[in-house]
Amino acid sequence: MGFIFVGLGGATGAMLRYAISLLPCRSPFPVLTLATNVLGALAIGFIAGTAVRREMPQYLLLFLKTGVCGGFTTFSTFSLEAYQLFHEKQYFLSAAYTVCSVLFCFAGIVLGMYAAKRV
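Along each chain, the written sequence defines residue order, and numbers are assigned to residues from 1. Only residues with pLDDT of at least 70 are given local features in this predicted model, and only at 80 or more are side-chain atom pairs given and counted; all residues enter the totals for whole chains, interfaces and linings. Side-chain measures were taken over the full set of non-hydrogen atoms in the model, leaving aside hydrogen atoms and water.

A. Examining the packing of helix α2 (residues 31-53) against helix α4 (residues 75-87) more closely. The axes used here are C-alpha line fits, helices contributing only the stretch in contact, and every angle between their N-to-C directions lies in the interval 0 to 180 degrees. Helix and strand labels come from DSSP, where a helix needs a run of H or I of at least four residues and a strand needs a run of E of at least two; each type is numbered from the N terminus. Where α2 meets α4, the closest approach of the two axes is 8 Å, and the angle between their N-to-C directions is 55 degrees. Taken together, the axes of α2 and α4 lie oblique to each other. α4 is crossed by α2, and the crossing has right-handed handedness. Contact residues: Asn37, Gly40, Ala41, Ile44 and Ala48 in α2; Phe75, Ser76, Thr77, Ser79 and Leu80 in α4. Residue polarity follows a fixed list, in which Ala, Val, Leu, Ile, Met, Phe, Trp, Tyr, Cys and Pro are nonpolar, Asp, Glu, Lys and Arg are charged, and the others, Gly among them, are polar. Tallied by class, residues from the contact of α2 with α4 come to 5 nonpolar, 5 polar and no charged. For classification, angles of less than 35 degrees are called roughly parallel, those exceeding 145 degrees roughly antiparallel, those between 65 and 115 degrees roughly perpendicular, and all remaining angles oblique. The hand of a helix crossing depends on one turn: near helix anticlockwise from the far one by less than a right angle means left-handed, and clockwise means right-handed. We call two residues in contact when some of their heavy atoms are within 4.5 Å.

This is the structure in structure tokens:
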């Protein structure tokens, strides 16, 4: 049953992300992507914070956190995990996770593009 809630939430999040990408915005800076990532981080932070204060059904957390936020942007999940490490006073791990995520994902894009040219 969990897969259904994640799938429905993921589809919702992906459609919301697509809707934002259709907004008229001409800028060399990726404003809409940044806005999506910030909104996703805000949303997952709100959801996680609410879940701590109030008992939320597991299906609702799957739909909202894993589904909607995951479909909207996985950056929100990364941000929450980095925050949780920081909040637990794991400062080095939080910083290392942040730096490694950015650098390794950038390297993944470079390698993926290189591989795509070779296929």
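Read on for the rest.
B. Structural detail: the side chain of serine 94. Residue position: serine 94 is located in helix α5 (residues 91-118). Sequence-distant contacts of serine 94, that is, excluding residues within four places in its chain, are made with Ala82, Leu85 and Phe86.

C. Layout of the UniProt feature "binding site: Na(+)" (unreviewed entry) in the protein chain. Mapped onto the present numbering, the UniProt feature "binding site: Na(+)" (unreviewed entry) falls on Gly70 and Thr73. Along the chain, the position of glycine 70 falls in helix α3 (residues 58-72). Mapped onto the fold, threonine 73 is located in the loop between α3 and α4. With residues up to four places along the chain from it excluded, the contact list for threonine 73 reads Arg17, Thr36, Asn37 and Gly40. Looking at threonine 73, its side chain comes within polar contact range of the side chain of asparagine 37, at 2.8 Å. UniProt positions are given in the numbering used here, feature names are shortened, and annotations may be inferred rather than shown by experiment. Under the rule applied, a polar contact is a pair of N or O atoms within 3.5 Å (in protein, one hydrogen donor and one hydrogen acceptor; residues adjacent in sequence only if both atoms are side-chain atoms).

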